[in-house]
Amino acid sequence: MKKVLLGFLCLLFFAEILSAQNSDEGAVVFMYHRFGETKYPSTNITMEQFEKHLQYLSQNDYKVWSLSKIVRYIVEGREIPKKVVALTIDDAYKSTYTHAFARFKEYNFPFTVFVNSSPADNGSKNYMSWDEMREMQAFGAEFANHSITHDYMLPKEGEDEQSWKKRIRDEIEGAQKRLQEELGEATNENPKLFSYPFGEYTKESAEYIQSLGYIGITQTSGAIGMQSDTRTLPRFAMSEAYANMDGFTLKIKTLPLPIESVSSIEPLVKEENPPKLTIKLKYPVKNVGCYLSSGKAIAVEWMSDREFSVQADEKLKAPRDRYTCTAASKDGRWYWYSHFWILK
């Protein structure tokens, strides 16, 4: 009888682990800026690269969703199906309309554009107009908040907390007002999405922006899933140097590392450099490896089979770096988590 009971408990234990692992299916979000503007290689993707991305999605039966749909699933606790992808664009540069829009229409893929509203209001030739955005919206594109002027969300030198919060609130709520005046009252409402300008935030700014009712979207790499922090949802940035098909297909098959908690979401390095990061997993994952942006490996120190810490062996250099931790999953894909660091 004891053996039967022990066997039952073992089966139950492994069933719970399997169920947890199955629930960790996530979505991969890609971020673009410019299309076919080769004089800006750090933010541009060539049209040949972009075409190959869209072809791959179409030929391999990926479900291309708007980012708002993915976020609603996370907020509502609904399981995300396999092979879900979102395509997002920051800044609303003109080439989104002149170069990318026709490709989105041909493949019938939805997409999400984060708009800093000032260039559209000022009639800048380098950015899309409100009329062009309305045309894209009629096709099914969605538009979200990227502030008015693309200003930094970090406190500025000499700026007290009250002034800093007022500046952030004015930037975000002002842009939201213009989006809804030009594109309709329902624009960016369910949910409210906000992409951090320059990808930079602090724990304090992320929490304040959350208090204003927004989901925070970063430029930190990784897949998103049910356990992802909605203050800092990650995306994979696509630019000429990182948009080859080997990199694209590797990233599109990633899974969110099954994280129960991290020591802090704070990316700003203040005193301790190199910073230490501690991660607790929901269940054991074998062969976790962690790396700097340069690709240099970082030693992983395990405190238990579910908790580890990482700390680079040399000071991180300004302006930005990251710790990225990955591990092979059983189905040939990769678990992926990246923590962003800002050094001033």
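To continue, consider the packing of helix H2 (residues 47–59) against helix H9 (residues 245–252). Orientation of H2 relative to H9, taken along the N-to-C sense of each, is 40°, at an axis distance of 11 Å. When the axes of H2 and H9 are compared, the pair comes out oblique. Once H2 is placed against H9, the crossing between them reads as right-handed. From H2, Lys52, His53, Tyr56 and Leu57 reach across to H9, where they touch Met245, Phe248, Thr249 and Ile252. Grouping the constituent residues of the contact of H2 with H9 by class yields 5 nonpolar, 2 polar and 1 charged.

It is worth spelling out the state of the cysteines at this point. Applying the stated criterion across every chain yields a total of 1 disulfide. Here Cys290 pairs with Cys325 through a disulfide, and the sulfurs are 2.1 Å apart. Across the S-S bond of Cys290 and Cys325 the torsion is about 110°, and the bridge reads as right-handed. Here the residue Cys290 occupies a position in strand S15 (residues 289–291), and Cys325 occupies one in strand S19 (residues 320–328), the gap between them amounting to 35 residues.

We now examine the nonpolar core. Residues Phe30, Tyr32, Leu57, Leu87, Phe111 and Phe143 are the most contacted members of the largest nonpolar core, which totals 39 residues. Listing elements by their share of this core, those giving two or more residues are strand S1 (27–32), H2, strand S5 (84–90), helix H4 (94–107), strand S6 (112–115), helix H6 (130–139), helix H7 (161–183) and H9. In this view, Leu57 contacts Tyr62, Val64, Val85, Leu87, Phe109, Phe248 and Ile252; residues no more than four positions away in its chain are not counted.

What follows concerns the packing of aromatic side chains. Applying the stated criterion across every chain, the model contains 24 aromatic pairs. Pairing Phe104 with Phe111 gives two aromatic rings, centres 4.0 Å apart and planes at 15°, and the pair type is stacked. The class of Phe104 is buried, set by a relative accessible area of 0%. Here Phe111 falls in the buried class, since its relative accessible area comes to 0%. Measuring from ring centre to ring centre gives 5.6 Å for Tyr107 and Phe109, while their planes differ by 25°; the resulting arrangement is stacked. Owing to a relative accessible area of 17%, Tyr107 belongs among the buried residues under this scheme. Phe109 gets classed as buried once you look at its relative accessible area, which sits at 8%. Taken together, Tyr32, Phe35, Phe50, Tyr97, Phe101, Phe104, Phe111 and Phe139 form an aromatic cluster joined through their ring pairs.

About the cut-offs
Residues numbered from 1 in each chain as written. Predicted model: local features only at pLDDT ≥ 70, side-chain atom pairs only at ≥ 80, totals over all residues. Heavy atoms only, no water. Axes fitted to C-alpha atoms, helices over the stretch in contact; angles between N-to-C directions. Helix = DSSP H or I, 4+ residues; strand = E, 2+ residues; numbered from the N terminus. Parallel < 35°, antiparallel > 145°, perpendicular 65-115°, else oblique. Left-handed = near helix turned anticlockwise from the far one by under 90°. Contact = heavy atoms within 4.5 Å. Nonpolar A, V, L, I, M, F, W, Y, C, P; charged D, E, K, R; others polar. Disulfide = S-S within 2.5 Å. Core = buried A, V, L, I, M, F, W, Y, C linked by side-chain atoms within 4.5 Å. Buried < 20%, exposed > 50% of the residue type's maximum accessible area, 1.4 Å probe, protein only. Phe/Tyr/Trp six-rings, centres within 6.5 Å; stacked < 30°, edge-to-face > 60°.

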